[in-house]
Amino acid sequence: MDDSGHPVHPHLALYGTVDLITASVRTGRYEEARRTAVAFREAAGHGSARAFYQSAGGREHFGCTYRQYLNVENGLSAPGTRLVERIALALSLMLDPDRAREFVMAYLQCLI
């Protein structure tokens, strides 16, 4: 950065993007979605993320690797809409509108 706070070269600004992403994770932006997903998984009788992932059908059901799913449960990334739907189906949340609403609201919260 020069004395005015602008990058010395415009491309250098791209390197700061990683720090912004890391900072948003550190501030707990995905924490509510993480807590909700873990609580609902445990309430459904799945003691671990791996057990849940495998019992639901793994990559074929979720459309992502176990590592990608685990990043969501660990609050390192926000789930995409398809993954939210697949998690909700695996947890049978569609049978309980109140729980489904809570789950979707936690997901939406991490997007704002």
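Bear in mind the structure is a predicted one, so any value in this text is a computation, not a measurement.

A. Layout of the pattern of salt bridges. Scanning all chains against the criterion turns up 5 salt bridges. We note a salt bridge from E31 to R35, for which the minimum N-O separation is 3.7 Å. Taken together, the residues E31 and R35, both in helix 2 (residues 31–43) and 4 residues apart, mark about one turn of the helix. When its relative accessible area of 27% is taken as the criterion, E31 is described as partly exposed. Classification of R35 by relative accessible area gives partly exposed; the value is 43%. One salt bridge connects E32 with R35, and the closest N-O pair in it is separated by 2.5 Å. Placement of both E32 and R35 in helix 2 is noted, with a separation of 3 residues, approximately one turn of the helix. Overall, the relative accessible area of 34% leaves E32 in the partly exposed class.

B. Layout of unusual backbone geometry. Even without being a glycine, S92 presents a positive backbone phi close to 55 degrees. Residue placement: S92 occurs in the loop between helix 6 (81–90) and helix 7 (97–109). On the basis of relative accessibility, which here comes to 40%, the residue S92 falls in the partly exposed class.

C. Spotlight on the side chain of H61. Along the chain, H61 falls in helix 4 (residues 58–62). With residues up to four places along the chain from it excluded, the contact list for H61 reads A56, R82, R86, L89 and A90.

D. Structural view of the side chain of T36. Within the secondary structure, T36 sits in helix 2. For T36, a relative accessible area of 5% corresponds to the buried category. A polar contact of 2.8 Å, which involves the side chain of T36, links it to the backbone oxygen of E32.

E. The arrangement of helix 5 (residues 66–73) in detail. All of the buried residues along helix 5 are Y66, Y69, L70, V72 and E73. The buried residues of helix 5 occupy an angular sector of 155 degrees when projected down its axis, which confines them to one face. In this fold, the buried residues of helix 5 make contact with helix 2, helix 3 (49–56) and helix 6. G75, located one to two residues past helix 5, shows a positive phi value of around 75 degrees.

F. Seen up close, the packing of helix 3 against helix 5. Closest axis-to-axis distance for the helix 3/helix 5 pair is 10 Å, and the angle between their directions is 130 degrees. Of the possible angle classes, the one that applies to helix 3 and helix 5 is oblique. The hand of the helix 3/helix 5 crossing is right-handed. On helix 5, the residues touching A49, R50, F52 and Y53 of helix 3 are Y66, Y69, L70 and E73. Across the contact of helix 3 with helix 5, the residue classes break down as 6 nonpolar, no polar and 2 charged.

Conventions we followed
- Residues numbered from 1 in each chain as written.
- Predicted model: local features only at pLDDT ≥ 70, side-chain atom pairs only at ≥ 80, totals over all residues.
- Heavy atoms only, no water.
- Salt bridge = Lys/Arg side-chain N within 4 Å of Asp/Glu carboxyl O.
- Helix = DSSP H or I, 4+ residues; strand = E, 2+ residues; numbered from the N terminus.
- Buried < 20%, exposed > 50% of the residue type's maximum accessible area, 1.4 Å probe, protein only.
- Contact = heavy atoms within 4.5 Å.
- Polar contact = N/O pair within 3.5 Å; in protein donor to acceptor, adjacent residues only side chain to side chain.
- Arc of directions from axis to C-beta.
- Axes fitted to C-alpha atoms, helices over the stretch in contact; angles between N-to-C directions.
- Parallel < 35°, antiparallel > 145°, perpendicular 65-115°, else oblique.
- Left-handed = near helix turned anticlockwise from the far one by under 90°.
- Nonpolar A, V, L, I, M, F, W, Y, C, P; charged D, E, K, R; others polar.

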